[in-house]
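# Per-entry structural report
Below are the chains, spelled out letter by letter.
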Amino acid sequence: MRIAVSGATGFIGQHVLRELHSRGLDAIALTRSARGRHPQPGVSRWVDMDIAHAPPNPFAAIGKPDVLIHLAWGGLPNYQSDHHVDVELPEQLAFLTACIEGGLQRLAVTGTCYEYGLVTGELTEEMPANPCTQYGRAKDTLRKALFDLRAHYDLDLAWLRLFYLYGDGQSEKSLYHALHAAIDRGDKSFDMSGGEQLRDFLSVQEAASAIVNLSLSTKANGIFNICSGTPTRVRDIVQSWINNARAALVMNLGKLPYSPNEPLDFWGSRNKLDRSIDATNQ
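Residues numbered from 1 in each chain as written. Predicted model: local features only at pLDDT ≥ 70, side-chain atom pairs only at ≥ 80, totals over all residues. Heavy atoms only, no water.

Glancing now at empty space enclosed by the protein. It is the rolling of a water-molecule-sized probe over the atoms that shows where space remains empty. Under the criterion given, the structure shown has one cavity of 30 Å³ or more. If you go around the largest cavity, the residues you meet are Cys-113, Tyr-114, Tyr-116, Gly-117, Leu-123, Asn-261, Glu-262, Pro-263 and Phe-266. When grouped by side-chain class, the residues that make up the lining of the largest cavity number six nonpolar, two polar and one charged. (1 Å grid on protein atoms, 1.4 Å probe; cavity = no way out; pocket = protein on both sides within 12 Å on 5 of 7 lines; lining within 4 Å. Points joined across faces, edges and corners; volume = space filled by probe spheres on them. Nonpolar A, V, L, I, M, F, W, Y, C, P; charged D, E, K, R; others polar.)

Set out below in structure tokens:
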């Protein structure tokens, strides 16, 4: 089986490549340029391709994979930037449309929990999308366009809504990275919000496993939450990270404001994800 991974050198991409390798599968890894490559087991071939300037038939240029796991997306973590709608959306849609028209038959694309918008409580895939960020709007528009395309092509399509992933290799602006940078510096305290928000946190290793499971299963079509299904207070998970690092650092709660782009409490339902993984393993 030929598996291609776009965004292969990113935070999630590196873990997806490792997950594929652990299963004895090698991937065709896409990166913008050779400078972005990292030594990585499980890569059968590197393809230097900027999807903003992809060739007319990118599917053939990639090597006509059986599956494309599409993780690439730029402009983060500025969720309200117009870049997502004005630049990323048309570039991503043009690239994926060309791959589908070229013959791609299995596509898995990462979306975001920001597609749901300001909804409190447990979020299920059946809920209507109502994004309030430019990033969420761009992803939701891409999702709709791809599912419209699916009606005209022989295409299996899994849309994977990521919740709050954490782990090694994460962005310097992420909570997880910022905390560990503070620990490494020997800081005595860590500035953060009040930490009372309920969120859905999932390690990137677990997320990579779920992404690979859904990407490789022809039974997995539609929208899936990639989440733990467990609401956790932000202050509690930060404390668990501090404890795991055996650090003496203390949280400076209430120093930073809560985000206006997120409800105070929300988490994902993983019932559909678990049913799909169970069906795949039978």
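We now examine the side chain of Gln-134. Within the secondary structure, Gln-134 sits in helix H4 (residues 134-150). Separated by 2.9 Å, the side chains of Gln-134 and Asp-82 make a polar contact. Other than its neighbours up to four places away in sequence, Gln-134 contacts Tyr-79, Gln-80, Ser-81, Asp-82, His-84 and Val-85. (Helix = DSSP H or I, 4+ residues; strand = E, 2+ residues; numbered from the N terminus. Polar contact = N/O pair within 3.5 Å; in protein donor to acceptor, adjacent residues only side chain to side chain. Contact = heavy atoms within 4.5 Å.)

So, about the packing of helix H5 (residues 175-185) against helix H7 (residues 234-244). In the contact formed by H5 and H7, the axes pass within 11 Å of each other and the chain directions differ by 40 degrees. Between H5 and H7, the crossing angle belongs to the class labelled oblique. Classified by chirality, the crossing of H7 by H5 is right-handed. Residues Leu-175, Tyr-176, Leu-179 and His-180 of H5 touch H7, and the partners they reach there are Val-234, Val-238, Trp-241 and Ile-242. For the contact of H5 with H7, the class distribution of residues is seven nonpolar, one polar and no charged. (Axes fitted to C-alpha atoms, helices over the stretch in contact; angles between N-to-C directions. Parallel < 35°, antiparallel > 145°, perpendicular 65-115°, else oblique. Left-handed = near helix turned anticlockwise from the far one by under 90°.)

The next point concerns the nonpolar core. Of all hydrophobic cores here, the largest spans 50 residues; its most connected members are Phe-95, Leu-107, Leu-146 and Val-238. Elements that contribute at least two residues to this core include exactly strand S2 (27-31), helix H2 (58-62), helix H3 (83-102), strand S5 (106-112), H4, strand S7 (156-162), H5 and H7. Looking at which element gives the most residues to this core, the answer is H4, with six residues. Excluding its chain neighbours within four sequence positions, the residues that come into contact with Leu-107 are Leu-68, His-70, Leu-96, Ile-100, Leu-146, Leu-155, Asp-156, Leu-157 and Ala-158. (Core = buried A, V, L, I, M, F, W, Y, C linked by side-chain atoms within 4.5 Å. Buried < 20%, exposed > 50% of the residue type's maximum accessible area, 1.4 Å probe, protein only.)

Time to look at unusual backbone geometry. Glycine aside, residues mostly have negative phi angles, and peptide bonds mostly take the trans form. Looking along the chain, the bond that leaves Leu-76 and enters Pro-77 is cis, with omega of 10 degrees. On the secondary structure map, Pro-77 appears in the loop between strand S4 (67-70) and H3. Although it is not a glycine, Lys-64 adopts a positive phi angle of roughly 50 degrees. Positioned with a positive phi, Arg-246 is a non-glycine residue whose angle comes to about 55 degrees. Owing to a relative accessible area of 79%, Arg-246 belongs among the exposed residues under this scheme.

Here the focus is the sheet that holds strand S1 (residues 3-6). Spatial strand order, S3-S2-S1-S4-S5-S7-S12: seven strands in an open sheet with parallel pairing. Single-partner strands in this sheet number two, and they are strand S3 (43-48) and strand S12 (222-226). Neighbouring strand axes in the sheet, compared pairwise and without regard to direction, differ in orientation by 20 degrees on average. Both S5 and S7 contribute to a ladder of seven bridges, which runs parallel. When the bridges of S7 are listed, Ala-108 appears paired with Ala-158. Along the sheet, helix H1 (residues 11-22) contacts S1, S2, S3, S4 and S7; its crossing angle with S1, the most-contacted strand, is approximately 160 degrees. Sitting on the sheet, H4 touches S5, S7 and S12, and the angle it makes with S7 is about 165 degrees. (Pairing = 2+ DSSP bridges.)

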